[in-house]
Amino acid sequence: MTRKQKRLSVIAGAMAFLGAAVALTFYALGQKASYFYMPGDLQAATLQPGQRIRLGGLVEEGTIVRDQGTEVEFSVTDGDSSVKVHYSGILPDLFREKQGVITEGTFGPDGNFVADSVLAKHDENYMPKEVADSLKEKGVWQETTQ
Amino acid sequence: MVEIGHFALVLAFALALVQSVLPLAGARSGNARMMATGGPVAITGFVMVALAFAVLTLSYARSDFSVVNVWENSHSLKPMLYKITGTWGNHEGSMLLWVLILTFFGALVALFGANLPATLRAGVISVQGWIGAAFLLFILATSNPFTRLTPAPIEGRDLNPVLQDIGLAIHPPLLYLGYVGFSVCFSFAVAALIDGRIDAAWARWVRPWTLAAWSFLTGGIAMGSYWAYYELGWGGFWFWDPVENASFMPWLAGTALLHSAIVMEKRSALKIWTLLLAILTFSLSLLGTFLVRSGVLTSVHAFATDPSRGIFILCILTIFIGGSLALFALRAPTLTAGGIFHPVSREGALVLNNLFLTTATATVLIGTLYPLVVEALSGDKISVGAPFFNLTFGPLMVPLLALVPFGPLLAWKRGDLLAVGQRLMAAFAGALLVVLVTALFVDGASVLAALGVGLAAWLVFGALTDLALKAGVGSVPVGTMLRRLAGLPLSVFGTTLAHLGLGLTTLGVVGVLSFESENILSMRPGDTAEIAGRALRFESIDPVKGPNYTEDRATFALLDEAGQPYASVVSAKRFYPVRQMPTTEAGIRTMGFSQLYISIGDQTADGALVVRIWWKPMVTLIWLGALVMMGGGAVSLFDRRLRVGAPARRRKAASGRPGEAAA
């Protein structure tokens, strides 16, 4: 091989590598990014069965049911509609009624949302940004959530 | 009192403006007296910022609630340690720390840069001045920590409880030393571009700064990871959270820079690329500051944020990144390309390292910013989390790690892959043995897990092989070998340590990902649970009162085979009344390199306690490995070649051409 051919093959190798990386990245973005919904958005959304989404809203008052064991049930609401969420495990420290939360998981066959993670953040004034924005749009935002 | 700090900060801003203009103007016009102002101005600027920082710290120590910042983030009952560390546990204070470290590095260049060519030194100090001026203006205009509050409240609002922790006391200063340390590399790059001249000596001057910044950043990231692990109570060591990514991207790019600077120093090749990496690394640090401080991304670390600040930092970001890249585009073609080399060579291996690391940086960047882009374009809110990064970052890292042992063994210019392969036979056989032992004798080991452990072993053995070969183990008498070992440059030990640390961290990650076991159950006092073959009894739960909190402390006993307790683990749920905020204090017991991790949740309706128990095998190696890497960086830093005085003999050659530089 001449020097030029060598150089070209090195460049081609690097390009192929980068191309593969780019393809993988876009494939992963398509597959693994999870969309955020409020309970009211779910009517309009078309979800594949088993598709992971993030469901956010306020924890509805009086809906927290703690089982004998580690199972917890509560409803997430945006003021108009609400969705029942099942979760097994330890809830975050700041989880409480009327608190903004984001739950991540999939819809079960019974139409209930089964979450494998529940996020409430580490600041007493904190409202997950997505939840705050959506609540502001709906006009049910209150400046203090205490 | 506080006004002195405010005044000092304004003075520092004025000095930074002088620093931005005078030395560089002197360098361009060949005026030595103007260039000479750079040093004293940079040092005085540092003293002023240090004074401001000291004043703020003192206000915290004295609980002076007439200062808004202290009132918002402190409480008179808080332990003194956390009063002091609270200085940087908030936005304003942490930005002040950022600038303090920036001016500190500027002063270091001024103090130890006597050997640099005068024009380059003046340029570097000026560019540092630009960054300093921009961020000082940012602090004074949008985040002034010295604002007064009248009438002064009697009591403060306390620091966010999760930040009242020794880990957080150390984490931000280390992280900032790393982030901001790369500003020196950036300044060197921009100054070289303005100068229009760059050579191997430049790389030698830049390498110590890169090494120092990289070591601090490694330590800072590891510290932050450990803090999140034990303080947030989720038991994870890395969440691919935007804020974590923000510190990880400069680390990846900085690692690439570290390696390409070697090529540039030794072989004069990859000059333009190294320059670009120096610019990109600090750009990513700036981007990280923007992401953390603006709150545009949802993150567990995003505390109270304010959009006006975000726009300000975005402007700084655009000016610095855009400006430096434009300068690069303008000047880079005029720089001469360096030596050529065969693809199979040390240079080739380092290029491959750079290819992998920069691609990995790009995937992390895309994953971090993609949600912002999607929301801006379509309004959809999406999140990109661990599944994305596992699918993209993982496949990029595995081949890179597998290739690491080859690099240091390849010869410069043209290497012999076959010979290197033969020399690595022992390491490869060792790693293969580890794979077999893991697969056959460890319970629940999948093929993938065994291969992962093997990869870690390969890294460790490979690093040791390099050292052993350079010392001549097995081929020369022991005495000669020891003498050779002692005579090796420190940078060889640095490389070995850093690659060894990488292997240990890999082992820790593989251990946790593949062999972790977890048990969630509800327990009453007296109940026993089992985890990874260990029996655990829930003894009691008692209320305890701390200085500024109350806690429910659950005690667990580890039982031996006879059912007798031999150790206890305490896990607690704390409540901080001032902020009305509960936190989880995980109970952790270290056994060997593994840890038992217990976090407690809520009481169920019938009085039982929800308990989550993890067995985390090899988990401490994740952070110990990072410490070893950091040690490797530190050892390299003391290599004689990189000592500040070393480039002295180059001075005559370099400073003999000021006319050419000015032209």
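Residues numbered from 1 in each chain as written. Chains lettered and ligands numbered in written order. Predicted model: local features only at pLDDT ≥ 70, side-chain atom pairs only at ≥ 80, totals over all residues.

Draft legend 1. Here's a closer look at the overall build of chain B. A tally of regular secondary structure across chain B gives 22 helices and 10 strands. At 27 Å, chain B has a C-alpha radius of gyration in line with the 26 Å of a compact globule built from 663 residues. Seen along its three principal axes, the alpha-carbon backbone of chain B occupies a region of about 85 × 75 × 55 Å. A buried classification covers 54% of the 663 residues belonging to chain B. Within chain B, contacts between residues at least 6 apart in sequence are counted, and of these 74% link residues at least 24 apart. (Helix = DSSP H or I, 4+ residues; strand = E, 2+ residues; numbered from the N terminus. Rg over C-alpha atoms; globule rule 2.2 N^0.38 Å. Buried ≥ 20, exposed ≤ 12 C-beta atoms within 10 Å, placed from the backbone. Contact = placed C-beta atoms within 7 Å.)

Draft legend 2. Spatial organisation of the sheet that holds strand β9 (residues 594-603) of chain B. All names here are of chain B. Pairing within the open sheet is antiparallel, and its four strands lie in the order β2-β10-β9-β8. The strands lining the two open edges of the sheet, one partner per strand, are β2 (517-523) and β8 (587-591). Taken pair by pair, the neighbouring strands of this sheet meet at an average axis angle of 15°, ignoring direction. With seven bridges joining them, β9 and strand β10 (residues 609-616) adopt antiparallel strand pairing. The residue bridging S599 from the neighbouring strand is R612, located in β10. (Pairing = 2+ DSSP bridges. Axes fitted to C-alpha atoms, helices over the stretch in contact; angles between N-to-C directions.)

Draft legend 3. Structural detail: unusual backbone geometry. Residue and element names in this part refer to chain B. A cis amide bond, omega -5°, links T150 with the succeeding residue P151. Its location among the elements puts P151 in the loop between α7 (118-142) and α8 (166-195). One non-glycine residue, S268, lies in the positive phi region at around 60°. Along the chain, S268 turns up in the loop between α10 (242-267) and α11 (271-294). Assessed through the 16 C-beta atoms surrounding it within 10 Å, S268 is described here as partly exposed. With a phi close to 70°, K413 is a non-glycine residue in the positive phi region. Following the sequence through the fold, K413 ends up in the loop between α14 (386-403) and α15 (417-423).

Draft legend 4. The packing of helix α9 (residues 200-231) of chain B against helix α20 (residues 620-637) of chain B, seen in detail. Residues and elements named next belong to chain B. At a minimum axis distance of 9 Å, the contact between α9 and α20 shows a crossing angle of 165°. Taken together, α9 and α20 sit at an angle that is classed as roughly antiparallel. As for how α9 packs across α20, the hand of that crossing is left-handed. Judged by residue contacts, P208, L211, A212, W214, S215, T218, G219, A222, S225 and Y226 of α9 engage W623, A626, L627, M629, M630, G633, A634, S636 and L637 from α20. (Parallel < 35°, antiparallel > 145°, perpendicular 65-115°, else oblique. Left-handed = near helix turned anticlockwise from the far one by under 90°.)

Draft legend 5. Quick peek at the nonpolar core. Counting residues in each nonpolar core, the largest one holds 194 residues, and the members touching the most others are A12, A52, V99, C185, F188, A189 and A278 of chain B. In terms of residue count, the dominant contributor to this core is α8 of chain B (17 residues). Look past the residues within four positions of F188 of chain B in its chain and what remains in contact with it is V124, W202, W205, V206 and A278 of chain B. Core analysis: the second largest hydrophobic core is formed by 19 residues, I90 of chain A together with I588, Y597 and W614 of chain B among them. (Core = buried A, V, L, I, M, F, W, Y, C linked by C-beta atoms within 7 Å.)

Draft legend 6. Up close: the packing of α9 of chain B against α10 of chain B. Residue and element names in this part refer to chain B. Relative to each other, α9 and α10 sit at 150°, their axes nearing to 9 Å. Here α9 is positioned roughly antiparallel relative to α10, judged by the angle of their axes. Crossing handedness for the pair α9 and α10: left-handed. Its residues assigned to classes, the contact of α9 with α10 shows 15 nonpolar, seven polar and three charged. (Nonpolar A, V, L, I, M, F, W, Y, C, P; charged D, E, K, R; others polar.)

Draft legend 7. Spatial organisation of the sheet that holds strand β7 (residues 581-585) of chain B. Residue and element names in this part refer to chain B. Here five strands make up an open sheet; going across it, the order is β3-β4-β5-β6-β7 and the pairing antiparallel. Only two strands of the sheet have a single partner each, and these edge strands are β3 (528-531) and β7. With direction set aside, neighbouring strand axes in the sheet form an average angle of 30°. In the sheet, strand β5 (residues 550-559) pairs with strand β6 (residues 565-576) via 10 bridges, with the strands oriented antiparallel. Looking at β6, one finds that A554 is bridged to S571.

Draft legend 8. Examining the domain arrangement of chain B more closely. All names here are of chain B. Once the domains are mapped, chain B shows domain 1 (1-164) and domain 2 (517-616). Spacing between the C-alpha centres of domain 1 and domain 2 amounts to 43 Å. Contacts between the two partners involve nine residues from domain 1 and, on the opposite side, nine residues from domain 2. (Domains from an automatic or database assignment.)

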